[in-house]
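Coordinate inspection notes
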Amino acid sequence: QVQLVESGGGLVQAGGSLRLSCAASGRTFSSYTMGWFRQAPGKEREFVAAISGRGGYTNYADSVKGRFTISRDNAKYTVYLQMNSLSPEDTAVYYCAASPAHWATPRSRNEYAYWGQGTQVTVSS
């Protein structure tokens, strides 16, 4: 079992930045690929970014590539999402998730076994 708790969401103006954190507890953190997903009102939950267990591989949605950076600190059991140049289209609840496929960076929600409760990010224009 892995427990995940996100933090760092909030209200920011367009063009601003936020850093989300996701603290994990439970089984060995480096055994899991970590991902970030987001869900806007009335829309499907979508992939944002993922990082492999040891941090050697990353994967980004085209919509955030070049603006968002995913990273992890395995000693602290924490994964981060640095979000820059935010736009109103980034407004959503952001979820972190853990996948046992630690060698890969899957985009499908079905590959992730554990989920946090989400943190709201609101970008005003």
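Residues numbered from 1 in each chain as written. Predicted model: local features only at pLDDT ≥ 70, side-chain atom pairs only at ≥ 80, totals over all residues. Heavy atoms only, no water.

Digging into the pattern of salt bridges
Tallied over the entire structure, the rule returns 5 salt bridges. Between Asp90 and Arg67 there is a salt bridge whose closest N-O contact spans 2.8 Å. Here the residue Asp90 occupies a position in the loop between strand E8 (78-83) and strand E9 (92-99), and Arg67 occupies one in the loop between strand E6 (58-60) and strand E7 (68-73), the gap between them amounting to 23 residues. Grouping residues by exposure puts Asp90 and Arg67 together as buried. Three or more residues are tied together by salt bridges with common partners; here these are Arg38, Glu46, Arg67 and Asp90. (Salt bridge = Lys/Arg side-chain N within 4 Å of Asp/Glu carboxyl O. Helix = DSSP H or I, 4+ residues; strand = E, 2+ residues; numbered from the N terminus. Buried < 20%, exposed > 50% of the residue type's maximum accessible area, 1.4 Å probe, protein only.)

Points about the packing of aromatic side chains
Each aromatic ring pair is summarised here by two numbers: the centre-to-centre distance and the angle between the ring planes. Enumeration over the complete set of coordinates arrives at 6 aromatic pairs. Ring geometry for Phe29 and Tyr77: centres 5.4 Å apart, planes at 25°, overall stacked. Placement of Phe29 in the loop between strand E3 (18-26) and strand E4 (33-39) and of Tyr77 in the loop between E7 and E8 is noted, with a sequence separation of 48 residues between them. Phe29 sits in the buried class, given a relative accessible area of 2%. On the numbers, 5.7 Å between centres and 75° between planes, the contact of Phe37 with Phe47 is edge-to-face. With Phe37 in strand E4 and Phe47 in strand E5 (residues 46-51), the pair connects residues that are 10 residues apart, well separated along the chain. Side by side, Phe37 and Phe47 carry an identical accessibility label, which is buried. Its end group placed over the ring of Tyr95, Arg45 keeps NZ or CZ at 3.7 Å from the ring centre. Lying across the ring of Trp115, Arg45 places its NZ or CZ 5.0 Å from the centre. (Phe/Tyr/Trp six-rings, centres within 6.5 Å; stacked < 30°, edge-to-face > 60°. Lys NZ or Arg CZ within 6 Å of the ring centre and 35° of its normal.)

Structural notes on unusual backbone geometry
At Tyr77, a position not held by glycine, the phi torsion is positive, near 55°. With a relative accessible area of 26%, Tyr77 lands in the partly exposed category. A positive phi is found at Ser85, a non-glycine position, where the angle reads about 50°. As for its position among the elements, Ser85 is in the loop between E8 and E9. Judged by relative accessible area, which is 44%, Ser85 ranks as partly exposed.

So, the environment of Ser63
Mapped onto the elements of the fold, Ser63 is located in the loop between E6 and E7. Owing to a relative accessible area of 42%, Ser63 belongs among the partly exposed residues under this scheme.

Considerations on the side chain of Glu6
Within the fold, Glu6 resides in strand E1 (residues 2-7). No salt bridge is formed by the buried Glu6; its nearest oppositely charged neighbour, Arg45, is found at 7.4 Å. Within polar-contact distance, the side chain of Glu6 engages the backbone nitrogen of Gln117 at 3.0 Å. At 2.9 Å, the side chain of Glu6 forms a polar contact with the backbone nitrogen of Gly118. Excluding residues that lie within four positions of it along the chain, Glu6 makes contacts with Ser21, Cys22, Trp36, Tyr94, Tyr95, Cys96, Gly116, Gln117, Gly118 and Thr119. (Lys, Arg positive; Asp, Glu negative; His and termini not counted. Polar contact = N/O pair within 3.5 Å; in protein donor to acceptor, adjacent residues only side chain to side chain. Contact = heavy atoms within 4.5 Å.)

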